[in-house]
Amino acid sequence: MAVGKSSVGLLLAERLSFQFFDTGVIYRTFTWKALDAGLSTSDSAALIQLARRTEFRFVPGSGSRLTVLIDGEDVSRQLSAQQVERSVALIAKIPEVRECMVAEQRRMAMDHRLVMAGRDIGTVVLPWADLKVFLTATVQERARRRHAELVQRGAGIPFETVLAELEQRDHNDITRAVSPLKAAADAIVIDTDGLSLGAVVDRIFALAQSRRQDC
Ligand code: C5P
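The rules behind each value
Residues numbered from 1 in each chain as written. Predicted model: local features only at pLDDT ≥ 70, side-chain atom pairs only at ≥ 80, totals over all residues. Heavy atoms only, no water. Helix = DSSP H or I, 4+ residues; strand = E, 2+ residues; numbered from the N terminus. Rg over C-alpha atoms; globule rule 2.2 N^0.38 Å. Contact = heavy atoms within 4.5 Å. Areas by Shrake-Rupley, 256 points an atom, 1.4 Å probe, with all protein chains shown as cover. Lys, Arg positive; Asp, Glu negative; His and termini not counted. Charge placed at Lys NZ, Arg CZ, Asp CG, Glu CD. Phe/Tyr/Trp six-rings, centres within 6.5 Å; stacked < 30°, edge-to-face > 60°. Lys NZ or Arg CZ within 6 Å of the ring centre and 35° of its normal. 1 Å grid on protein atoms, 1.4 Å probe; cavity = no way out; pocket = protein on both sides within 12 Å on 5 of 7 lines; lining within 4 Å. Points joined across faces, edges and corners; volume = space filled by probe spheres on them. Nonpolar A, V, L, I, M, F, W, Y, C, P; charged D, E, K, R; others polar. Core = buried A, V, L, I, M, F, W, Y, C linked by side-chain atoms within 4.5 Å. Buried < 20%, exposed > 50% of the residue type's maximum accessible area, 1.4 Å probe, protein only. Near = heavy atom within 4 Å. Polar contact = N/O pair within 3.5 Å; in protein donor to acceptor, adjacent residues only side chain to side chain. Pairing = 2+ DSSP bridges. Salt bridge = Lys/Arg side-chain N within 4 Å of Asp/Glu carboxyl O.

Caption draft 1: Representation of the overall build of the protein. Check the secondary structure of the protein and you find 9 helices and 6 strands. Against the compact-globule benchmark of 17 Å for 215 residues, the protein has a radius of gyration of 17 Å, which places it among compact chains. Expressed as lengths along the three principal axes of its C-alpha atoms, the size of the protein is roughly 50 × 40 × 35 Å. Across the protein, every contact between residues at least 6 apart in sequence was considered, and the portion connecting residues at least 24 apart equals 70%. Surface accessibility of the protein: about 11,100 Å² in total, with carbon and sulfur atoms responsible for 52%. Distance between charge centroids for the protein: 1 Å, based on 28 positive and 27 negative side chains.

Caption draft 2: Just the packing of aromatic side chains, in detail. Under the defined criterion, the tally for this structure stands at 1 aromatic pair. With 5.7 Å between their ring centres and 75 degrees between their planes, Phe21 and Phe58 make a pair best called edge-to-face. Here Phe21 is found in strand β1 (residues 19-22), whereas its partner Phe58 is found in strand β2 (residues 56-60), with 37 residues between them in sequence. The ring of Phe205 is capped by Arg15, whose NZ or CZ atom sits 4.2 Å from the centre of that ring.

Caption draft 3: Spatial organisation of the layout of surface pockets. By volume, the second largest pocket is sized at about 180 Å³. Of all the secondary structure elements, the ones that give two or more residues to the lining of the second largest pocket are α4 (82-92), α7 (139-152) and α8 (159-175). In the lining of the second largest pocket, the residues fall into 5 nonpolar, 2 polar and 5 charged.

Caption draft 4: Inspection of the nonpolar core at higher detail. Membership of the largest hydrophobic core comes to 33 residues, with the highest contact counts inside it found for Phe21, Ile26, Phe30, Phe56, Val97 and Met101. Taken together, the elements giving at least two residues each to this core come down to α2 (24-36), α3 (44-53), β2, β3 (66-70), α4, α5 (95-111), β4 (114-117) and α6 (121-125). The element contributing the most residues to this core is α2, with 6 residues. Setting aside anything within four residues of it in sequence, one finds Met101 in contact with Ile26, Tyr27, Phe30, Ala51 and Phe56.

Caption draft 5: Expanded view of the site of the ligand. Contacts to the ligand come from 15 residues, most closely from Arg28, Arg98, Asp120, Arg169 and Arg176. In the environment of the ligand, an oxygen atom lies 2.8 Å from a nitrogen or oxygen atom belonging to the side chain of Arg98. Within the side chain of Asp120, an N or O atom sits 2.8 Å from a nitrogen atom of the ligand. Protein coverage of the free-state accessible area of the ligand, which is 460 Å², stands at 95%. Mapped onto the shell around the ligand, the elements with two or more residues apiece are α2, α4 and α8.

Caption draft 6: Here's a closer look at the pairing of β3. Where burial is concerned, most of β3 is hidden: 5 out of the 5 residues are buried. Alternating positions in β3 separate into two faces, Leu66, Val68 and Ile70 on one and Thr67 and Leu69 on the other, with burial throughout. One ladder, built from 5 bridges, connects β2 with β3; its direction is antiparallel. Opposite Phe56, over in β3, you have Ile70 as the bridge partner. With antiparallel pairing between neighbouring strands as the criterion, β2 and β3 make up a hairpin whose turn holds 5 residues, including Gly63 at a positive phi of roughly 60 degrees.

Caption draft 7: Up close: the environment of Thr175. Note that Thr175 resides in helix α8. Spatially, the C-alpha atom of Thr175 lies 29 Å from that of Val151, the residues being 24 residues apart in sequence. At 2.6 Å, the side chain of Thr175 forms a polar contact with the backbone oxygen of His171.

Caption draft 8: Here's a closer look at the side chain of Ser87. Among the structural elements, Ser87 can be located in helix α4. On the accessibility criterion, Ser87 (4% relative accessible area) is buried. If we ignore the near neighbours within four places in the chain, the residues touching Ser87 are Thr31, Leu35 and Thr41.

Caption draft 9: A look at the pattern of salt bridges. This model, assessed by the stated rule, comprises 14 salt bridges. Here Asp186 and Lys132 are joined by a salt bridge, their closest N and O atoms 3.0 Å apart. Taken together, the positions of Asp186 in the loop between α8 and β6 (188-191) and Lys132 in the loop between α6 and β5 (133-136) put the pair 54 residues apart, joining distant regions of the chain. When salt bridges that share partners are traced, they join Arg28, Glu85, Arg146, Glu149, Arg153 and Arg169 into one network.

Here's what the structure looks like:
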């Protein structure tokens, strides 16, 4: 069963009557826009310029999910394209591009009661969040989930390719200078290998309830 941050976050948001936003969507949406505009992932100056003049809007998607409109356009169906998949970590490591994305995510958090998923939410985007949870899983387990997801969408991609790309992306995310992937000091770490989706959600829901009682 899938216990990725997106499935966990979505179910949790539903139980809390919050909305859910997976921040990978904003980086993927921007990457799609940059590629569509013909920009190269190595052209930082043009990418920064594009990020600064792009307008993001957050609108209700399916269920409790918030989705992004980029300059008024919904490109959510393009976000798993191989080209986006290969380029997103390269674009996401540009500090000025991140600054724009982080500002948008903070704006969104001001406007909604929110479960937000992403690699730098507890450390950078919302260090003042009421509850921070850091989910871990082995790269093999995550590749297996991602592969199953892609197969379900009709992509005929070998497991080894998914695994290799994920390892490369992890390397970029962990070693980048700005907002590298790491748990916040005050985050609660949950290892999801071998846990069901329901078990992970139950655990976080209980934590959220006890935080509410503390306030
Ligand atoms: O979570 P998802 O796989 O959709 O994220 C795609 C990419 O977006 C990540 O590999 C990372 O490079 C970037 N990202 C990020 N910070 C976030 C969310 C995503 O840098 N908070």
